[in-house]
Amino acid sequence: MKKNIAVIKGDGIGPEIMAETVKVLNVVAEKFCHIFNYTYVLMGGIAIDETGEPLPKETVEKCLASDSVLLGAVGGPKWDKGEGSKRPEAGLLGIRSALNLFANIRPAKLLKPLASACPLKTEITDKGLDLVIVRELIGGAYFGEKRTFTDEKGNKTASDLMIYSDYEIERICRVAFDMAKKRRKKVTSIDKANVLDSSRLWREISHIVASEYPDVEFSHMLVDNAAMQLVRDPAQFDVIVTENLFGDILSDEASMITGSLGMIPSASLGMGSLGLYEPIHGSAPDIAGQNKANPIASILSAAMMLRYSFDMDREAKDVENAVDLVLEHGFRTADIMSEGKKLVSCSEMGDKIAEII
Ligand code: NAD
């Protein structure tokens with residue numbers, strides 16, 4: 001199969017982890033007789049430096065013309081002082097919206113070789129930790145009307161409108177239920193229906209969708225309780241579905257209990273097969289350019305791309321198995337290093353995974 005992949009290296013460690021990801025994809029292409037063409041495009045801080053915009057029009061056009069998009073990470077202290085629309089993060093929100101990627105998929109799974117990195121007690125993790133958070137990505141408070149103004153009493157005031165329509169809730173719930181059907185058949189919808197109207201609509205619509213999936217167990221949970229349950233008993237969750245802001249926070253919490261930020265991939269999907277695949281971590285400016293970063297989250301994001309955008313399940317499993325094996329063999333980048341293991345650099349980790357494939 002021939003596939004065109006738009007690649008956004010981004011800032012900080014983005015270029016380093018992306019080089020290893022492309023290295024791994026190239027061995028997959030060789031092994032399975034595929035052709036992957038890469039088109040490198042600008043976004044984030046580097047795009048601001050070179051074009052004045054965090055998300056140049058050309059980037060959006062090239063991404064839309066590709067079969068899929070890979071993203072390293074964007075941002076860094078150099079661009080922190082810019083106004084909202086000129087910050088690297090505006091590129092992130094903009095590309096998700098331009099590609100109409102409304103569903104963010106984040107798996108959180110405790111890998112056996114990294115169990116010691118989990119901050120939870122073993123009596124909790126012994127029950128297992130393997131869940132997926134399906135987060136609505138282009139609605140809610142991040143995209144609702146924003147205002148900063150001085151009220152009639154002279155107080156500086158700001159507001160962000162948390163707004164959802166029925167169709168937005170319906171389509172994200174369908175993603176969650178379809179995913180649950182292929183897993184342990186359980187969906188937990190997280191909201192704040194005791195105080196928010198948008199959450200009450202979320203509950204109403206999620207119930208309607210749930211009625212079409214009688215083989216999937218369905219329940220609701222308030223977001224504050226969910227934040228507690230994730231550390232008290234994460235084994236109870238299979239697929240979590242939630243709105244943008246709650247999903248942002250809960251998915252970071254879920255990632256942390258699996259060990260390191262450097263291990264967790266994500267996928268952002270829309271209606272078609274085009275998706276955006278990126279690690280959940282940021283650009284890690286503190287270690288950028290030192291060949292120290294962990295490329296596994298980015299490599300596992302590429303595995304998700306193979307599975308969800310290209311329907312290459314065998315190839316995706318091959319990448320995931322290679323990551324498991326490298327960890328079982330004791331190789332570790334600095335962020336996941338522990339006593340008795342072998343410390344490797346970012347590029348050595350990429351080499352090891354590519355060798356196994
Ligand atoms: P961060 O995720 O970049 O880093 C947090 C900590 O984790 C740092 O100590 C870093 O060294 C470490 N870390 C992160 N990824 C790692 C990896 N692959 N290997 C080893 N260690 C890793 O979060 P931050 O420091 O809060 O943000 C830095 C910049 O990244 C900011 O400008 C922020 O806006 C941006 N950011 C971008 C994205 C994105 O592109 N999707 C996401 C989050 C933050």
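Relevant structure appears above.
This write-up is about the structure you can find in this document. (Residues numbered from 1 in each chain as written. Predicted model: local features only at pLDDT ≥ 70, side-chain atom pairs only at ≥ 80, totals over all residues. Heavy atoms only, no water.)

Structural notes on the overall build of the protein
Helices and strands together make up the secondary structure of the protein, namely twelve helices and 14 strands. For 357 residues, the compact-globule estimate of 2.2 N^0.38 gives 21 Å, and the C-alpha radius of gyration of the protein, at 20 Å, lies within 12% of that figure. Counting only C-alpha atoms, the protein reaches 60 × 50 × 40 Å along its principal axes. Counting over 357 residues, the protein shows a buried share of 52%. Charge-centre separation for the protein: the mean point of 42 positive side chains lies 2 Å from the mean point of 52 negative side chains. (Helix = DSSP H or I, 4+ residues; strand = E, 2+ residues; numbered from the N terminus. Rg over C-alpha atoms; globule rule 2.2 N^0.38 Å. Buried < 20%, exposed > 50% of the residue type's maximum accessible area, 1.4 Å probe, protein only. Lys, Arg positive; Asp, Glu negative; His and termini not counted. Charge placed at Lys NZ, Arg CZ, Asp CG, Glu CD.)

Examining the packing of aromatic side chains
Here a ring pair, both rings aromatic, is described through the centre-centre distance and the interplanar angle of the planes. If you walk through the whole model with that rule in mind, you get four aromatic pairs. Ring centres of F36 and F310 lie 6.1 Å apart, and the angle between their planes is 35°; this geometry places the pair in the tilted category. Placement of F36 in strand β2 (residues 35-41) and of F310 in the loop between α10 (296-308) and α11 (313-328) is noted, with a sequence separation of 274 residues between them. Assessed through its relative accessible area of 7%, F36 is described here as buried. By relative accessible area, F310 is classed as buried at 2%. An aromatic cluster is present here, built from F177, Y213 and F218 joined pairwise through their rings. For K342, the ring lying beneath its charged end belongs to F331, and the centroid distance is 4.7 Å. (Phe/Tyr/Trp six-rings, centres within 6.5 Å; stacked < 30°, edge-to-face > 60°. Lys NZ or Arg CZ within 6 Å of the ring centre and 35° of its normal.)

Things to note about the layout of surface pockets
Taken as a whole, the largest pocket spans an internal volume of roughly 1,100 Å³. Contributing to the lining of the largest pocket are 36 residues, with P107, R183, M304, R307 and Y308 lying nearest its centre. Where the lining of the largest pocket is concerned, the elements lending two or more residues are β4 (103-109), β5 (130-136), α6 (166-181), β11 (265-269), α10 and α11. Here the lining of the largest pocket takes six residues from α11, the largest share from any one element. Taken together, the residues of the lining of the largest pocket break down into 20 nonpolar, three polar and 13 charged. For the second largest pocket, the calculated volume is near 680 Å³. In terms of residue count, helix α4 (residues 88-98) provides more of the lining of the second largest pocket than any other element does, seven residues in total. Taken together, the residues of the lining of the second largest pocket break down into eleven nonpolar, twelve polar and nine charged. (1 Å grid on protein atoms, 1.4 Å probe; cavity = no way out; pocket = protein on both sides within 12 Å on 5 of 7 lines; lining within 4 Å. Points joined across faces, edges and corners; volume = space filled by probe spheres on them. Nonpolar A, V, L, I, M, F, W, Y, C, P; charged D, E, K, R; others polar.)

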